[in-house]
Amino acid sequence: MWRFQGGSRSDSAPSTAFSHGPDLSQSSEDLTELTNRVSGVLADSDVEWERIGKSEPYWGVATKERYKMKNITPTSRQEFFASGEQYVNEIFGVISSNIDGGFSPSLGIDFGCGVGRIVIPLSKRCGRVIGVDVSPSMIVEAKRNCVLFNVTNVDFVNELAKIEQKVDFINTYTVLQHIRKDIGMDIIDEFIEKLNPSGIACIQFPYFSRRSMMKRILKPIVDRSGLARKMYNAIIMKDAKAPYMMSTDYDITEILRLLSEKNINKVLVLTDKYDKYGAEDAHTYRTYSARLFVQK
Ligand SMILES: C[S@@+](CC[C@H](N)C(=O)[O-])C[C@H]1O[C@@H](n2cnc3c(N)ncnc32)[C@H](O)[C@@H]1O
């Protein structure tokens, strides 16, 4: 388990590595950490993800209106899966040009696999793939899609800890941001433990989001309180019962330090100004995302 210097993670003051203009995220992140400490409340994002998996699995993966169940068409479905194919081609291109020209993993993991958008193309690159997702409904849909795409070398589990073997490749895309940061840091730690020597992990996370003043003030409260979430959803989504999708930025320096502590000293960092395979509103929030390619 990853620990901050000088005590447990929850005892440590978070830091924001970058500053673009007035940085209110620092104080809102501080407030979130403080609320975690005082209340000891466990993350309920897992519960919210099952609600999303049950009601809007495709929109949950990439929050575009055309992926809502009422709007989805054969063309938008095709576009959805093509984006997974494009993503996998891109990351394997980066790996073969910069890290390992002959990279051919026997066993890979897609952590937070959703409906299988990335698992399906990954199954052509790896001998076997394990899709991990906390939402049973997402896994049901992913299994259905594997059958539709004639993919037979994929297994699914609902948590990383259930995988006993070491693996050659781990991918995670638009997942960590939806998990409380202290838990996410433990997951990254576990990724490194699970990799075989020379294995590669591709870890994506947002490291800075420019949010409106109102969202910065409300976010720590809404992230922690069920009642506040209902009120927020009633205003933003026009539906108090809509599932809430938490979004958290990670501290890239903290992640690099974790990797150094685990004796990983060669990391390739790619940055995107927004999440190009995911949310429609990423432009609005001006999310700055990083993808780390880590070789053990
Ligand atoms: C935005 S979707 C991305 C899906 C997939 N990575 C893709 O890009 O196609 C996030 C997924 O992460 C899953 N997830 C959230 N928290 C998780 C956790 N703690 N463990 C495993 N999966 C999780 C959600 O259920 C959801 O399917």
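Reading the values: the criteria
- Residues numbered from 1 in each chain as written.
- Predicted model: local features only at pLDDT ≥ 70, side-chain atom pairs only at ≥ 80, totals over all residues.
- Helix = DSSP H or I, 4+ residues; strand = E, 2+ residues; numbered from the N terminus.
- Buried ≥ 20, exposed ≤ 12 C-beta atoms within 10 Å, placed from the backbone.
- Contact = placed C-beta atoms within 7 Å.
- Near = placed C-beta within 6 Å.
- Nonpolar A, V, L, I, M, F, W, Y, C, P; charged D, E, K, R; others polar.
- Axes fitted to C-alpha atoms, helices over the stretch in contact; angles between N-to-C directions.
- Core = buried A, V, L, I, M, F, W, Y, C linked by C-beta atoms within 7 Å.
- Pairing = 2+ DSSP bridges.
- pLDDT = per-residue confidence, 0-100.

Next up on the list: the overall build of the protein chain. Scanning the protein chain for helices and strands turns up eleven helices and seven strands. Here the protein chain holds 296 residues, and the buried ones make up 39% of them. In the protein chain, the proportion of contacts linking residues at least 24 apart, taken out of those at least 6 apart, comes to 69%.

So, on to the site of the ligand. In the region of the ligand, 22 residues are neighbours, and W49, G112, G114, R117 and S135 sit closest. Residue assignment for the shell around the ligand shows that the elements contributing at least two residues are α2 (45-55) and α3 (57-61). At four residues, α2 tops the list of elements feeding residues into the shell around the ligand. Of the residues in the shell around the ligand, the class split is ten nonpolar, nine polar and three charged.

Once that is clear, we can look at the environment of S45. Mapped onto the fold, S45 is located in helix α2. Separated by 201 residues in the primary sequence, S45 and M246 place their C-alpha atoms 6.9 Å from one another. Apart from residues no more than four positions distant in its own chain, S45 is found in contact with H178, I179, R180 and M246.

With that settled, the discussion passes to the packing of α2 against helix α6 (residues 136-148). α6 packs onto α2 with a crossing angle of 35° between their chain directions and a minimal axis gap of 7 Å. Across the interface between the two elements, E50, G53 and K54 from α2 touch P136, S137 and M138 from α6. Taken together, the residues that form the contact of α2 with α6 break down as two nonpolar, two polar and two charged.

Take the nonpolar core next. Ranked by internal contacts, the top residues of the largest apolar core, which has 55 residues, are I118, V119, A142, I170, F191, A201 and I203. Here the element with the most residues in this core is strand β5 (residues 195-209); it accounts for eight residues. Discounting residues that sit within four places of it in the chain, I203 has contacts with T172, I188, F191, L292 and V294.

Let's shift gears to the pairing of strand β4 (residues 167-172). In terms of residue burial, β4 counts as a mostly covered element, since six of its six residues are buried. By the bridge criterion, four bridges tie strand β1 (residues 107-111) to β4 in an arrangement that is parallel. Its bridge partner lying in β4, D110 is registered against N171. In the sheet, β4 pairs with β5 via five bridges, with the strands oriented parallel. In the strand pairing of β5, V167 is matched with L195.

One non-glycine residue, T174, lies in the positive phi region at around 50°. For T174, the location among the structural elements is in the loop between β4 and α7 (181-194). In this structure T174 comes out as buried when scored by C-beta crowding, with 22 C-beta atoms within 10 Å. Residue S198 is not a glycine yet carries a positive backbone phi of 75°. With respect to the element layout, S198 can be found in strand β5. Residue classification places S198 among the exposed positions, given that 11 C-beta atoms sit within 10 Å.

Of the residues in the protein chain, 72% have a pLDDT of 70 or more, and the chain-wide mean is 81. Under a pLDDT of 50 for its full length, residues 4-27 has, in the predicted model, 34 contacts with residues more than four places off or in other chains. Here residues 32-43 is modelled with pLDDT under 50, and outside its nearest four sequence neighbours on either side it reaches 13 contacts, counting other chains as well.

Bringing the environment of D100 into the picture now. Relative to the elements of secondary structure, D100 occurs in the loop between α4 (74-98) and β1. Residues D100 and G199 lie 99 residues apart in sequence; the distance between their C-alpha atoms is 10.0 Å. Once residues lying within four places of it in the same chain are set aside, the contact partners of D100 are I95 and I200.

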